[in-house]
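Breakdown of the fold
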Amino acid sequence: QVQLVESGGGSVQPGGSLRLSCAASGSIFSINAMGWYRQVPGKQRELAASITRGGVTNYADSVKGRFTISRDNAENTVYLQMNSLKPEDTAVYYCNAAVLALGRGWNDYWGQGTQVTVSS
């Protein structure tokens, strides 16, 4: 069984910062790409940022220059540093990982989601 556990969400004023963390645990052989997605009510879940095992990153245009994704392969953890937050960044943020797990092959796993609210 593989679990992704997120932490670090909360409420912040516009211009503020938050750091999200997501730790993968379980019978994990390897993790390939990891990413952060976000979703607001009534809209599809969208990619905010992703990172390969080798550290190649990809960002949505709306977060470029403000968000930074990083990972610790030894700890099976991915981070999202969010700076200069805007009200339109308000969403539930979900962690995603492509995981090779014991007896399960490669599968995509999702965290439970963490709420980020940007409001004055």
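Quick caveat, the model's predicted, so the values are computed rather than measured.

1. Observations regarding the overall build of the chain
If you tally the helices and strands in the chain, you get zero helices and eleven strands. When its helices and strands are written in sequence order, the chain yields β-β-β-β-β-β-β-β-β-β-β. Rg of the C-alpha trace for the chain: 14 Å, near the compact-globule value of 14 Å for 120 residues, within the 12% margin. A principal-axis box enclosing the C-alpha atoms of the chain has dimensions of 50 × 25 × 20 Å. Counting over 120 residues, the chain shows a buried share of 41%.

2. Side note on the sheet that holds strand 3 (residues 18–26)
Pairing within the open sheet is antiparallel, and its four strands lie in the order 1-3-8-7. The open sheet is flanked by strand 1 (2–7) and strand 7 (67–72), the only strands paired with a single partner. Averaged over all adjacent pairs, the angle separating strand axes in this sheet is 15 degrees, with direction ignored. Summarising the sheet, strand 7 and strand 8 (residues 77–82) pair through six bridges and their orientation is antiparallel. Bridged to D72 within strand 8 is T77.

Calculation rules
- Position labels on residues start from 1 in each chain and follow its written sequence.
- Predicted model: local features are reported for residues with pLDDT of at least 70 only, side-chain atom pairs are reported and counted for 80 or more only, and whole-chain, interface and lining totals are derived from all residues.
- Only heavy atoms go into the side-chain values, all of them from the structure, while hydrogens and water stay out.
- Helix numbering and strand numbering both begin at the N terminus, where a helix is a DSSP run of H or I of at least 4 residues and a strand a DSSP run of E of at least 2.
- Here the globule rule reads 2.2 Å times residues to the power 0.38, and the radius of gyration is calculated from C-alpha atoms.
- Note on classification: 1.4 Å probe, protein chains only; a residue is buried when its accessible area is under 20% of the maximum for its type, exposed when over 50%, partly exposed between these limits.
- Paired strands, as defined in this entry, are two strands with at least two bridges between them according to DSSP.
- Each axis is a line fitted through C-alpha atoms, taken for helices only over the stretch in contact, and angles between the N-to-C directions span 0 to 180 degrees.

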